[in-house]
Amino acid sequence: MAKAYWVGAYRSVSNPDALAAYAKLAGPAITAGGGRFLARGVPSQIYEAGLEQRTVLIEFDSVEHARTVHDSPAYQEALAALAGGAERDIRIIEGV
C-alpha cells in the first residue's frame with residue numbers, strides 16, 4: 001500500500017490566536033493518529049509560480065489513514081478552534 005501525504009498551504013492568517021489554538025490541538029491529534037510531520041514552515045526557495053506560503057507536509061501510511069485522522073473527533077476539535085482564522089489549501093495525495 002502506498003503512503004499518503006497531507007499537504008497544507010496557508011494562503012493567509014487573519015487570526016494568529018485562533019491559529020495557535022488550532023496548532024495546540026492539531027499536532028497531537030495528527031501524531032496520535034499516526035501522522036509524521038516531515039516539513040513545515042515558509043519556503044526556503046520559490047520557483048516558477050510559487051508563493052511564499054507556510055506549508056506543512058505530513059506522511060501517513062495510506063490515503064484512508066490520512067482521511068480517518070482528518071475526520072477524527074480530535075482533529076475536528078482543532079478545526080473548530082481555528083474557526084476561519086486562516087485560509088488554507090489542504091490536499092491528501094498518494095505517494096508513488
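Structure's up top.
The structure displayed is predicted, hence computed values, not measured ones.

Engineer: Let's hear about the pairing of strand β1 (residues 4-13): which residues, and what values?
Structural biologist: One ladder, built from seven bridges, connects β1 with strand β3 (residues 54-60); its direction is antiparallel. Following the sheet pairing, Ala4 is matched in β3 by Phe60. Sheet topology places β1 next to strand β4 (residues 86-94); nine bridges connect them, and they run antiparallel. The residue of β4 that forms the bridge with Trp6 is Ile92.

Engineer: Quick rundown of the nonpolar core? Include the residues and the values.
Structural biologist: Of all hydrophobic cores here, the largest spans 17 residues; its most connected members are Trp6, Tyr10, Tyr22, Ile30, Ile58, Phe60 and Tyr75. Going through the elements one at a time, β1, α1 (16-32), β3, α2 (63-70) and α3 (73-82) are the ones with two or more residues in this core. At five residues, the largest contribution of residues to this core is made by α1. Beyond its immediate chain neighbours, meaning those up to four positions away, Tyr75 contacts Trp6, Tyr22, Ala26, Ala29, Ile30, Val69, His70 and Arg88.

Engineer: Residue-level account of the packing of aromatic side chains, with values.
Structural biologist: Across all of its chains, the model carries three aromatic pairs by this definition. An angle of 20° between the planes, with centres 5.6 Å apart, marks the rings of Trp6 and Phe60 as stacked. Placement of the pair is Trp6 in strand β1 and Phe60 in strand β3, with a sequence separation of 54 residues. Taken as a pair, Trp6 and Phe60 share a single burial class, namely buried. Seen in terms of ring centroids, Tyr22 and Tyr75 are 6.0 Å apart; in terms of plane orientation they differ by 80°. Their pairing is edge-to-face.

Engineer: Tell me about unusual backbone geometry, and please be specific about residues and values.
Structural biologist: Note: most peptide bonds trans; most residues except glycine with negative phi. Located in the positive-phi region is Glu48, a residue other than glycine, with phi close to 50°. Looking at the element boundaries, Glu48 is found in the loop between β2 (36-41) and β3. Residues other than glycine seldom take positive phi values, yet Ala83 does so here, at roughly 40°. Looking at the secondary structure, you find Ala83 in the loop between α3 and β4. We classify Ala83 as exposed; its relative accessible area is 60%.

Engineer: Tell me about the packing of α1 against α3, and please be specific about residues and values.
Structural biologist: Direction vectors running N to C along α1 and α3 enclose 170°, while the axes themselves pass 7 Å from each other. With respect to α3, the element α1 is oriented roughly antiparallel. For the pair α1 and α3, the contacting residues are Ala18, Leu19, Ala21, Tyr22, Leu25, Ala26, Ala29 and Ile30 in the first and Ala74, Tyr75, Glu77, Ala78, Leu79, Ala81 and Leu82 in the second. Counted by class, the contact of α1 with α3 contains 14 nonpolar, no polar and one charged residues.

About the cut-offs
- Residues numbered from 1 in each chain as written.
- Predicted model: local features only at pLDDT ≥ 70, side-chain atom pairs only at ≥ 80, totals over all residues.
- Heavy atoms only, no water.
- Pairing = 2+ DSSP bridges.
- Helix = DSSP H or I, 4+ residues; strand = E, 2+ residues; numbered from the N terminus.
- Core = buried A, V, L, I, M, F, W, Y, C linked by side-chain atoms within 4.5 Å.
- Buried < 20%, exposed > 50% of the residue type's maximum accessible area, 1.4 Å probe, protein only.
- Contact = heavy atoms within 4.5 Å.
- Phe/Tyr/Trp six-rings, centres within 6.5 Å; stacked < 30°, edge-to-face > 60°.
- Axes fitted to C-alpha atoms, helices over the stretch in contact; angles between N-to-C directions.
- Parallel < 35°, antiparallel > 145°, perpendicular 65-115°, else oblique.
- Nonpolar A, V, L, I, M, F, W, Y, C, P; charged D, E, K, R; others polar.

The analysis is restricted to geometry; functional conclusions fall outside its scope.
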